[in-house]
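# Results of the structural survey
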Amino acid sequence: MAKPKPNPYQTTSDLIANAIVTAKVMGENRRITNLVASSIAKFILEMDDSDAGDELLAHAASCISAQDATYVPTLHAALKALTDARA
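Residues numbered from 1 in each chain as written. Predicted model: local features only at pLDDT ≥ 70, side-chain atom pairs only at ≥ 80, totals over all residues. Heavy atoms only, no water.

### Here's the deal with the pattern of salt bridges
Definition in use: What makes a salt bridge here is a side-chain nitrogen of Lys or Arg within 4 Å of a carboxyl oxygen of Asp or Glu, nothing more. Numbering of helices and strands starts at the N terminus; helices are DSSP runs of H or I of at least 4 residues and strands are runs of E of at least 2. Burial classification: accessible surface area is computed with a 1.4 Å probe over protein chains only, and a residue below 20% of its type maximum counts as buried, one above 50% as exposed, and the rest as partly exposed.
In total, this model carries three salt bridges according to the counting rule given. Among the ionic pairs, R86 bridges to D54, the shortest N-O distance being 2.8 Å. Of the two residues, R86 is situated in helix α5 (residues 73–86) and D54 in helix α3 (residues 50–62); the sequence distance between them amounts to 32 residues. A relative accessible area of 37% places D54 in the partly exposed class. A salt bridge links K80 to D84, with the shortest nitrogen-to-oxygen separation between them at 3.3 Å. On the criterion of helical spacing, the pair formed by K80 and D84 is a turn pair, its members being four residues apart in helix α5.

Right under this line is the structure:
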(Lines give C-alpha, C1' and ligand atoms only; values in the text may rest on other atoms or scores of the structure.)
Protein backbone atom coordinates (compact mmCIF):
# COMPACT_ATOMS: atom_id res chain seq x y z
CA MET A 1 0.00 0.00 0.00
CA ALA A 2 1.35 3.40 -0.97
CA LYS A 3 2.03 5.93 1.73
CA PRO A 4 -0.37 8.89 1.42
CA LYS A 5 1.19 12.20 0.41
CA PRO A 6 1.41 14.77 3.19
CA ASN A 7 -0.79 17.84 3.04
CA PRO A 8 1.56 20.51 1.65
CA TYR A 9 -0.20 23.33 3.50
CA GLN A 10 -0.01 21.64 6.88
CA THR A 11 3.56 20.50 6.30
CA THR A 12 4.56 24.03 5.23
CA SER A 13 2.96 25.48 8.36
CA ASP A 14 4.74 22.95 10.56
CA LEU A 15 8.13 23.47 8.92
CA ILE A 16 7.92 27.24 9.19
CA ALA A 17 6.70 27.11 12.80
CA ASN A 18 9.59 24.84 13.74
CA ALA A 19 12.09 27.08 11.95
CA ILE A 20 10.79 30.11 13.83
CA VAL A 21 10.91 28.38 17.22
CA THR A 22 14.44 27.17 16.56
CA ALA A 23 15.53 30.64 15.40
CA LYS A 24 14.11 32.25 18.53
CA VAL A 25 16.20 29.92 20.70
CA MET A 26 19.41 29.48 18.71
CA GLY A 27 19.29 31.99 15.87
CA GLU A 28 18.41 31.27 12.28
CA ASN A 29 19.98 28.07 11.02
CA ARG A 30 20.99 28.06 7.35
CA ARG A 31 20.38 24.32 6.99
CA ILE A 32 16.86 24.57 8.38
CA THR A 33 16.15 27.57 6.15
CA ASN A 34 17.37 25.68 3.08
CA LEU A 35 15.34 22.60 4.06
CA VAL A 36 12.14 24.60 4.50
CA ALA A 37 12.56 26.61 1.28
CA SER A 38 13.48 23.54 -0.79
CA SER A 39 10.60 21.54 0.65
CA ILE A 40 8.14 24.27 -0.32
CA ALA A 41 9.69 24.48 -3.79
CA LYS A 42 9.32 20.70 -4.14
CA PHE A 43 5.65 20.86 -3.12
CA ILE A 44 5.08 23.55 -5.74
CA LEU A 45 6.72 21.44 -8.45
CA GLU A 46 4.52 18.48 -7.52
CA MET A 47 1.34 20.54 -7.86
CA ASP A 48 -0.51 20.20 -11.13
CA ASP A 49 -1.93 23.71 -11.06
CA SER A 50 0.21 26.84 -11.20
CA ASP A 51 -2.35 28.75 -9.14
CA ALA A 52 -2.07 26.13 -6.40
CA GLY A 53 1.67 26.83 -6.21
CA ASP A 54 0.99 30.53 -5.87
CA GLU A 55 -1.54 29.79 -3.14
CA LEU A 56 0.97 27.63 -1.27
CA LEU A 57 3.55 30.43 -1.41
CA ALA A 58 0.95 32.91 -0.15
CA HIS A 59 0.14 30.49 2.66
CA ALA A 60 3.84 30.13 3.51
CA ALA A 61 4.27 33.89 3.62
CA SER A 62 1.24 34.21 5.89
CA CYS A 63 2.86 31.79 8.36
CA ILE A 64 5.59 34.35 9.08
CA SER A 65 4.41 37.41 10.99
CA ALA A 66 6.31 40.69 10.78
CA GLN A 67 7.77 40.03 14.22
CA ASP A 68 8.78 36.46 13.33
CA ALA A 69 10.42 37.70 10.12
CA THR A 70 13.06 39.35 12.30
CA TYR A 71 14.05 35.88 13.57
CA VAL A 72 14.08 34.21 10.14
CA PRO A 73 15.09 36.93 7.66
CA THR A 74 16.84 34.51 5.31
CA LEU A 75 13.81 32.21 5.16
CA HIS A 76 11.56 35.22 4.60
CA ALA A 77 13.83 36.37 1.76
CA ALA A 78 13.92 32.85 0.27
CA LEU A 79 10.12 32.71 0.16
CA LYS A 80 10.05 36.16 -1.47
CA ALA A 81 12.59 34.96 -4.04
CA LEU A 82 10.41 31.92 -4.81
CA THR A 83 7.43 34.23 -5.26
CA ASP A 84 9.39 36.60 -7.49
CA ALA A 85 10.68 33.69 -9.59
CA ARG A 86 7.11 32.58 -10.29
CA ALA A 87 5.97 36.04 -11.42
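Read on, since the account is not over.
### Thoughts on empty space enclosed by the protein
Spelled out, the test is: Buried and open spaces are told apart on a 1 Å grid over the protein atoms alone, a cavity being a set of points where a 1.4 Å probe fits but cannot get out and a pocket being an open set with protein on both sides within 12 Å along at least five of seven lines. Residues with an atom within 4 Å of a point are the lining residues. Grid points are joined across faces, edges and corners, and a volume is the space filled by probe spheres set on the points.
Within the structure shown, the criterion is met by one cavity of 30 Å³ or more. The calculated volume of the largest cavity comes to roughly 40 Å³. What lines the largest cavity is simply A19, T22, A23, G27, E28, N29, I32, T33 and V72. Those elements giving two or more residues to the lining of the largest cavity turn out to be α1 (8–26) and α2 (30–46). With three residues, the single largest contributor to the lining of the largest cavity is α1.

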